[in-house]
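# Close look at the chain arrangement
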Amino acid sequence: EELAQKRFGFEAGRVAVEGRAALAVLRVDPTGVLARAGFRPGDIPVDYHGGESAFCAALQGAEDGGYSKVNVVNLTDLENGRILRRELEIPKVQE
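Cut-offs applied
Residues numbered from 1 in each chain as written. Predicted model: local features only at pLDDT ≥ 70, side-chain atom pairs only at ≥ 80, totals over all residues. Heavy atoms only, no water. Salt bridge = Lys/Arg side-chain N within 4 Å of Asp/Glu carboxyl O. Helix = DSSP H or I, 4+ residues; strand = E, 2+ residues; numbered from the N terminus. Buried < 20%, exposed > 50% of the residue type's maximum accessible area, 1.4 Å probe, protein only. pLDDT = per-residue confidence, 0-100.

For the rest of this paragraph, the subject is the pattern of salt bridges. Taken as a whole and assessed by the stated rule, the structure comprises seven salt bridges. Residue D43 pairs with R86 through a salt bridge whose shortest N-O separation is 2.9 Å. Placement of D43 in strand 3 (residues 43-46) and of R86 in strand 5 (residues 86-90) is noted, with a sequence separation of 43 residues between them. Accessibility expressed as a relative area gives 19% for R86, which makes it buried. The salt bridge involving E87 is made with K69; its shortest N-O contact spans 4.0 Å. Note that E87 is positioned in strand 5 and K69 in strand 4 (residues 68-74), a separation of 18 residues in sequence. Owing to a relative accessible area of 53%, K69 belongs among the exposed residues under this scheme.

Here the protein chain averages 91 in pLDDT, while 98% of its residues score no lower than 70. Mean pLDDT across the elements of the protein chain ranges from a minimum in helix 1 (residues 2-8), with 89, to a maximum in strand 3, with 96.

Following this line, the structure appears as structure tokens:
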């Protein structure tokens, strides 16, 4: 988990959303892969079958050399009453 965070340039952790813990991107390295994909601090991966597993699958797809898409909502937007789902495309990791 820590290796993926370093490789893609982010830090993740748990945040409370509507009384439940959710995985969120807490910090984004401005020169990292996720920054290039458009991730912002506070982004929470979402998916019908579970955002965390979809996010992990997208990271694995990018690691395997492809582009992978993931849907996110931002914690700040949610706190302000806005549900703005964004589809981000994670580029493959450069060696």
